[in-house]
Amino acid sequence: MRVDLSSLGVLALAVASSLTVLWWMEQSGLRGEAQAAEIPAIHAAATGVPGQVLKAADGHYWAEARIDDHAVRVMVDTGASVVVLTPADAARLGFDLKASDFSAKVVTASGPVRAAPVQLQAVSVAGARVEQVEALVVEQGLPHSLLGMSYLGRLSAFTATPAALTLRP
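Please read all numbers here as calculations on a predicted model, not as lab measurements.

Visitor: Please clarify how unusual backbone geometry should be interpreted in this entry.
Guide: Glycine aside, a negative phi is what most residues show, and trans is what most peptide bonds show. Positive phi, normally seen in glycine, also occurs at Asp68, with a value near 45°. The backbone of Ala126 shows a phi angle near 50°, a positive value even though the residue is not glycine. Within the secondary structure, Ala126 is located in the loop between strand 7 (111-125) and strand 8 (128-138).

Laid out in structure tokens, this is it:
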């Protein structure tokens, strides 16, 4: 098994992000609520072919995702627990959200924001397709949508190199 520093860095970021969320949930008194929530069904594995997302000049991995048959530009974010959509992208996908739909609170790099949980029928990036993907629509403060672990974690593997991110269904 080959492990490079980029892959190790991505893994370390994902672990640190998860631990931060757990700490925040404990401090906010939400951990018990999350544990009491219904356990979701195990989803089918990703399908399709391996693909690559090239690293952009800004150092981020930007992808043209196909979400529910619509093109959405997303930034790959292994620190995001789920796919996160901007209100504009959610509206283009057909989600008609009301203020009362923003019932979840999440902590972002900019601080806490309200979010609306949604279910995406399918997300496909560079040939790797995942069906029934959990996502959040943030109410404000997000300049672009994020491709998080609710998609990435369903792949058999993803690896980062200095030039590209390889997605394996």
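Okay, back to it.
Visitor: Which parts of the structure should I look at to understand the nonpolar core?
Guide: Proteins that are soluble and globular tend to have nonpolar side chains buried together. Counting 31 residues, the largest nonpolar core has Leu120, Val125, Leu147, Tyr151 and Leu167 as the members making the most contacts within it. Contributing elements (two or more residues each) for this core: strand 3 (62-67), strand 4 (70-76), strand 5 (83-85), strand 7, strand 8, helix 4 (149-152) and strand 11 (164-168). If you look at the next biggest cluster of nonpolar residues, it comprises 11 residues, including Met75, Ala115, Val138 and Leu146.

Visitor: Can you walk me through the pattern of salt bridges in this structure?
Guide: Side chains that differ in sign of charge can pair as their charged atoms come close. This structure, assessed with the given rule, holds 3 salt bridges. Linking Arg92 and Asp89 is a salt bridge whose minimum nitrogen-to-oxygen distance equals 3.3 Å. Taken together, the residues Arg92 and Asp89, both in helix 3 (residues 87-92) and 3 residues apart, mark about one turn of the helix. The partner of Glu131 in a salt bridge is Arg129, with the nearest N and O atoms 3.3 Å apart.

Visitor: Help me understand the packing of aromatic side chains, please; the structure alone is not making it clear to me.
Guide: The way to describe two aromatic rings as a pair is by their centre distance and the angle between their planes. In the structure shown here, the tally under the stated rule is 0 aromatic pairs. Note that Arg73 overlies the ring of Trp62, its terminal NZ or CZ placed 4.1 Å from the centroid.

Visitor: I would appreciate a short explanation of the sheet that holds strand 11 in the present structure.
Guide: In any sheet, the strands associate via hydrogen bonds between backbone groups, in a parallel or an antiparallel arrangement. Taken together, 3 strands build an open sheet; the order of strands is 2-11-10 and the sheet is antiparallel. At either margin of the open sheet sits one strand with a lone partner, and together these are strand 2 (51-54) and strand 10 (157-160). Across this sheet, the average inter-strand angle for adjacent strands is 15°, counted without regard to direction. Here 4 bridges tie strand 10 to strand 11, and the two strands are oriented antiparallel to one another. Across the sheet, residue Ala160 finds its bridge partner in strand 11, namely Leu165.

Visitor: Is there a simple way to think about the side chain of Arg154 in this case?
Guide: Of note, Arg154 is situated in the loop between helix 4 and strand 10. Comment: no salt bridge for buried Arg154; closest opposite-charge side chain is Glu134, at 4.7 Å. Side-chain polar atoms of Arg154 contact the backbone oxygen of Gln132, separated by 3.0 Å.

Visitor: Would you take a moment to explain the pairing of strand 3 for this structure?
Guide: Along a regular strand, successive side chains alternate from one face of the sheet to the other. For strand 3 and strand 4, the ladder comprises 6 bridges, and the chain directions are antiparallel. Paired with Arg66 across the bridge in strand 4 is Ala71. Between strand 3 and strand 4, which follow one another and run antiparallel, lie 2 residues, and Asp68 among them has a positive phi close to 45°. Looking at chain direction, strand 3 and strand 7 are connected through 2 bridges and run antiparallel. Within strand 7, the residue paired with Arg66 across the bridge is Ser124.

Analysis parameters
Residues numbered from 1 in each chain as written. Predicted model: local features only at pLDDT ≥ 70, side-chain atom pairs only at ≥ 80, totals over all residues. Heavy atoms only, no water. Helix = DSSP H or I, 4+ residues; strand = E, 2+ residues; numbered from the N terminus. Core = buried A, V, L, I, M, F, W, Y, C linked by side-chain atoms within 4.5 Å. Buried < 20%, exposed > 50% of the residue type's maximum accessible area, 1.4 Å probe, protein only. Salt bridge = Lys/Arg side-chain N within 4 Å of Asp/Glu carboxyl O. Phe/Tyr/Trp six-rings, centres within 6.5 Å; stacked < 30°, edge-to-face > 60°. Lys NZ or Arg CZ within 6 Å of the ring centre and 35° of its normal. Pairing = 2+ DSSP bridges. Axes fitted to C-alpha atoms, helices over the stretch in contact; angles between N-to-C directions. Lys, Arg positive; Asp, Glu negative; His and termini not counted. Polar contact = N/O pair within 3.5 Å; in protein donor to acceptor, adjacent residues only side chain to side chain.

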